[in-house]
Amino acid sequence: MDRYLLRYFLAIVETGNFSRAAARENVAQPTLSAGIAKLEGQLQARLFDRTNRRVHLTEAGSRFLVHARRIEHEFNLAQAAVSGAARPEQLRVAVLSTIPTALLEQTLARRGGDEQIELLEGSEREVLSLLDRGRVDAALTILRPASDRFGAERLCEEGYSLALPAGHRLARADSLRGEELADEVMMVRRHCEVLAETSRYFIERNVRPFFSYRGVSDDRVLGLVRAGLGITVMPDGHRDPGVARVRLEGFTPRRILGLAYADPTARYRTSGFVQAARDVFAD
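Residues numbered from 1 in each chain as written. Predicted model: local features only at pLDDT ≥ 70, side-chain atom pairs only at ≥ 80, totals over all residues. Heavy atoms only, no water.

Visitor: Please explain the overall build of the protein chain as it appears in this structure.
Guide: Along its length, the protein chain carries 9 helices and 12 strands. Across its three principal directions, the C-alpha atoms of the protein chain cover 70 × 45 × 30 Å. Out of the 283 residues belonging to the protein chain, those deemed buried represent 48%. In the protein chain, once contacts between residues fewer than 6 apart in sequence are set aside, the share between residues at least 24 apart is 72%. (Helix = DSSP H or I, 4+ residues; strand = E, 2+ residues; numbered from the N terminus. Buried < 20%, exposed > 50% of the residue type's maximum accessible area, 1.4 Å probe, protein only. Contact = heavy atoms within 4.5 Å.)

Visitor: Quick question: what am I supposed to make of the side chain of Glu-40 here?
Guide: Position of Glu-40 among the secondary structure elements: in helix 3 (residues 29-43). Sequence-distant contacts of Glu-40, defined by excluding residues within four places in its chain, comprise Ala-45, Arg-46, Leu-47, Phe-48 and Arg-50.

Visitor: Is there a simple way to think about the environment of Asn-26 in this case?
Guide: Following the sequence through the fold, Asn-26 ends up in the loop between helix 2 (18-25) and helix 3. Residue Asn-26 is classed as exposed on the basis of its relative accessible area, which comes to 70%. Sequence separation of Asn-26 and Ile-36 is 10 residues, and the distance between their C-alpha atoms is 15 Å.

Visitor: Which parts of the structure should I look at to understand the environment of Gly-230?
Guide: Of note, Gly-230 is situated in the loop between helix 8 (218-226) and strand 10 (232-235). Between the alpha carbons of Gly-230 and Glu-184 there is a distance of 7.4 Å; along the sequence they are 46 residues apart. Ignoring anything within four residues of it in the chain, the contact list for Gly-230 reads Pro-165, Val-185, Met-187, Ser-212, Leu-224 and Val-225.

Visitor: I'm lost on the pattern of salt bridges in this one. Help?
Guide: A pair can form between side chains of opposite charge whenever their charged atoms are brought close. This structure, assessed with the given rule, holds 23 salt bridges. Arg-144 is the salt-bridge partner of Glu-124, the closest N and O atoms lying 2.4 Å from each other. Taken together, the positions of Glu-124 in helix 6 (residues 124-132) and Arg-144 in the loop between strand 5 (138-142) and strand 6 (151-165) put the pair 20 residues apart, joining distant regions of the chain. The closest approach of N and O atoms between Arg-169 and Glu-184, which form a salt bridge, is 2.8 Å. With a gap of 15 residues between them, Arg-169 in the loop between strand 6 and strand 7 (175-176) and Glu-184 in the loop between strand 7 and strand 8 (186-189) connect regions that are remote in the sequence. The buried category is assigned to Glu-184, whose relative accessible area is 11%. Here the salt bridges do not stand alone but share partners, grouping Arg-3, Arg-7, Arg-24, Glu-25 and Glu-72 into one network. (Salt bridge = Lys/Arg side-chain N within 4 Å of Asp/Glu carboxyl O.)

Visitor: Is there a simple way to think about the packing of aromatic side chains in this case?
Guide: The relation between two aromatic rings is expressed through the spacing of the ring centres and the mutual angle of the planes. Scanning all chains against the criterion turns up 6 aromatic pairs. When the centroid spacing of 5.0 Å and the interplanar angle of 65 degrees are considered together, the rings of Phe-9 and Phe-64 count as edge-to-face. Of the two residues, Phe-9 sits in helix 1 (residues 3-15) while Phe-64 sits in helix 4 (residues 59-83), which places them 55 residues apart along the sequence. Just as Phe-9 is buried, Phe-64 falls in that class too. (Phe/Tyr/Trp six-rings, centres within 6.5 Å; stacked < 30°, edge-to-face > 60°.)

Visitor: Help me out: how do you make sense of the packing of helix 2 against helix 3 in this one?
Guide: Helices that pack against each other are described as a pair by the angle of their axes relative to one another and the distance between those axes. It is the contact of helix 2 with helix 3, at a shortest axis distance of 9 Å, that shows an interaxial angle of 100 degrees. Of the possible angle classes, the one that applies to helix 2 and helix 3 is roughly perpendicular. Packed against helix 2, whose contacting residues are Phe-18, Ser-19, Ala-21 and Ala-22, the element helix 3 presents Gln-29, Leu-32, Ser-33 and Ile-36 at the interface. Residue composition of the contact of helix 2 with helix 3, grouped by class: 5 nonpolar, 3 polar and no charged. (Axes fitted to C-alpha atoms, helices over the stretch in contact; angles between N-to-C directions. Parallel < 35°, antiparallel > 145°, perpendicular 65-115°, else oblique. Nonpolar A, V, L, I, M, F, W, Y, C, P; charged D, E, K, R; others polar.)

Pasting the structure below:
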């Protein structure tokens with residue numbers, strides 16, 4: 001099996017279609033298509049299902065992906081060893097956008113070594129799509145039954161609570177009922193995984209607030225809470241010295257954060273980043 005066939009295959013997986021893969025490999029699209037046809041003939045299996053918009057791996061293609069990535073990785077290591085060049089380990093990680101930046105920062109600071117990290121960010125669905133397509137090696141995300149098809153490792157569990165300015169009149173309460181917030185100005189985190197449940201919780205309590213902000217950046221939302229623009233509901237892991245976190249009575253959603261792996265047997269499960277994530281999220 002020629003190595004260029006593996007590279008064609010991996011390029012399609014990582015770019016999502018034949019035209020972008022051909023451009024990345026600097027070949028004409030018919031050449032790349034012919035290469036994939038040759039590879040499928042050698043394997044006696046169809047690797048891709050093709051539609052007008054997307055290319056999807058078949059079951060056989062998903063199984064082959066694990067081996068193709070491992071072969072390419074080992075080839076690169078062997079090439080570096082022969083040339084005498086020290087090639088740093090590379091790890092591609094998809095990170096859920098609602099993971100607190102502070103925890104990600106701590107993980108990167110603790111990882112040690114000289115491994116190269118490529119980070120991609122997205123919603124829960126986007127992160128799993130990147131993992132499913134082989135675009136990343138691992139994902140730091142919410143673990144649900146749908147992620148069982150990957151190797152998964154639980155790191156921690158947390159709930160959701162109110163975020164209020166530290167000087168707010170209700171900031172020192174142990175917990176608050178939804179009805180007590182009827183006159184409060186609120187902010188919407190559009191990307192929140194429990195946004196529908198949050199809306200339903202307040203509607204059922206006849207709380208229909210004025211919304212001062214709708215955004216997708218949790219760091220910005222924290223800053224705006226600190227500045228007194230409004231209050232919001234966030235995962236408990238989001239912390240700021242100027243923001244108080246107060247439990248919301250009767251609001252019980254929780255999320256399990258963990259690592260999901262494209263190849264559960266790969267060596268990157270012992271990488272500096274992964275080991276640092278275990279330490280940081282377990283604290």
